[in-house]
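Here is what each chain is made of, one letter per residue.
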Amino acid sequence: MTKITNPANQIEKQLPAELVNFMQVAGEVAQSQGQSLYLVGGVVRDLLLGRANFDLDLVVEGNAIELTRQLIEIKQGEITTHPRFGTAKLQWNKWSVDLATARSETYVKPGALPRVKPSSLSNDLFRRDFTINTMAIHLNPSRYGELIDLYGGRDDLEHKLIRVLHEKSFTDDATRIWRGLRYEQRLNFQLEPNTLQLLKRDIPMLDTISGDRIQYELECILQEERPEKVFHRAEELNGLQSLDPALKGNGWLAEKFKLAQQLTSPNLPSFGLYLALLAYRLTEEQSGHLISRLRLSKSVAQTLQNTMAIKTKLQALANPALNPSGIYRLLHGYSPSAIMANLLAGDSNVACQHIRLFLNKLRYVKPALNGDDLIRIGIAPGPRIKEILQLLHQARLDGKVTSKQGEESLVKKWLANKE
Ligand code: ATP
């Protein structure tokens, strides 16, 4: 059981003074207008768990856009508003805070976006995914720091449980299935038994979710420290198979994700690289199906297609007698993420050495001479220029020439041999 600490103390202890000060000012302004302001959602959960999270989500029983407009006069920053949803974002220096008018949601059809209307805090909290995300902290000066826990969030946090608020939660919005697995694995919590049953029952509802929304959930999972744990769990519960029946979240994926993190450190692997590894063992047809299911952008789709194309060249790349220009011919033009995916997933040492050489060196090699230089040396403008530049590039790659002067002599030699 996790020991949960007093929320009011945690605000001062864990959040930067700039944000604490902002919340106090915002609470005062809201109160002076007879409105109530709360800190809600993930940041409250993380404050209670002692985990770093500076993404402030504020909810106001009143009008969030008007409140934000008043705050900007005090705070000096930029404001972005979405009147349809009653939300605003305030940004200043390196800080950003989301403010929303308390609202309720009704789901007309599974998977579709909900209808929203202004409402009370309790309804706003009731529309949320899991109890651990339903807690709020009052920010009005008269009740500053008071925890509002209407749905048993604190108790579930202490018992490390992920629990939905009602039986229809996953049917209303099946993206919550992915969200639940993500929290479960990130926090090392467990799905509460009834929630687990509902999740298993509602796995088919994942088919009601649009490609864009599923893609967003995958992006969130791939920002986690250990994304493979989420895929492994999803496979266990038949959720991964809803993306493609052939996808696997087993130990192979864990090993490759770890290598990908080492390769791109200190940055996280790109979405394309991670996805290429997840889809690596699919056939070309299955991979094509995944691309359309997720409605992937052109560039990520291309990474997946390139990954498949390079896979067919691994045998040729495993030839120890291949020279650098041969390696270049096999790999140039493909997306770096697709090449990296093959480096990490391929099982031939020689092929991996060749891919590494391409990534670290060959892809940057260029001849020093350009078309104008060739004309100056005496070659007539026309297709011959392109041919010679290609020959020079090849000579550079294979180390037959290493300087601009060397290239000039080579071109002159070729010319002399021609005449
Ligand atoms: P993270 O820690 O991953 O950033 P978060 O808890 O801050 O997660 P967000 O995705 O930023 O989550 O969403 C903010 C809040 O909105 C959540 O805490 C949750 O209460 C609510 N929420 C987000 N998505 C859904 C959803 N699909 N259904 C219900 N509530 C949601």
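Our structure's up above, just so we're on the same page.
Residues numbered from 1 in each chain as written. Predicted model: local features only at pLDDT ≥ 70, side-chain atom pairs only at ≥ 80, totals over all residues. Heavy atoms only, no water.

Undergrad: What exactly am I supposed to notice about unusual backbone geometry here?
TA: Trans is the prevailing form of peptide bonds, just as negative phi is the prevailing case for residues other than glycine. Residue Pro266 is bonded to the preceding Ser265 through a cis peptide linkage, with omega at 5 degrees. Tracing the backbone through its elements, the reader meets Pro266 in the loop between helix H12 (251-264) and helix H13 (271-278). (Helix = DSSP H or I, 4+ residues; strand = E, 2+ residues; numbered from the N terminus.)

Undergrad: Can you help me understand the site of the ligand in this one?
TA: The environment of the ligand is formed by 15 residues, the closest being Arg45, Asp173, Arg176, Tyr183 and Arg186. In the model, an oxygen atom of the ligand is placed 2.8 Å from a nitrogen or oxygen of the Arg45 side chain. With respect to the ligand, the side chain of Asp173 contributes an N or O atom lying 2.8 Å from a nitrogen atom. In isolation the ligand has 600 Å² of accessible area, and contact with the protein removes 75% of it. When residues in the shell around the ligand are grouped by element, the largest group, six residues, is from helix H8 (residues 175-187). A breakdown of the residues in the shell around the ligand according to their chemical character gives one nonpolar, four polar and ten charged. (Near = heavy atom within 4 Å. Polar contact = N/O pair within 3.5 Å; in protein donor to acceptor, adjacent residues only side chain to side chain. Areas by Shrake-Rupley, 256 points an atom, 1.4 Å probe, with all protein chains shown as cover. Nonpolar A, V, L, I, M, F, W, Y, C, P; charged D, E, K, R; others polar.)

Undergrad: Looking at this structure, I do not really get the side chain of Asn140. What am I missing?
TA: Position of Asn140 among the secondary structure elements: in the loop between strand S8 (136-138) and strand S9 (147-148). Asn140 sits in the buried class, given a relative accessible area of 5%. Within polar-contact distance, the side chain of Asn140 engages the backbone oxygen of Gln35 at 2.9 Å. Beyond its immediate sequence surroundings of up to four residues, Asn140 is in contact with Gly27, Ala30, Gln31, Gln35, Ser36 and Leu37. (Buried < 20%, exposed > 50% of the residue type's maximum accessible area, 1.4 Å probe, protein only. Contact = heavy atoms within 4.5 Å.)

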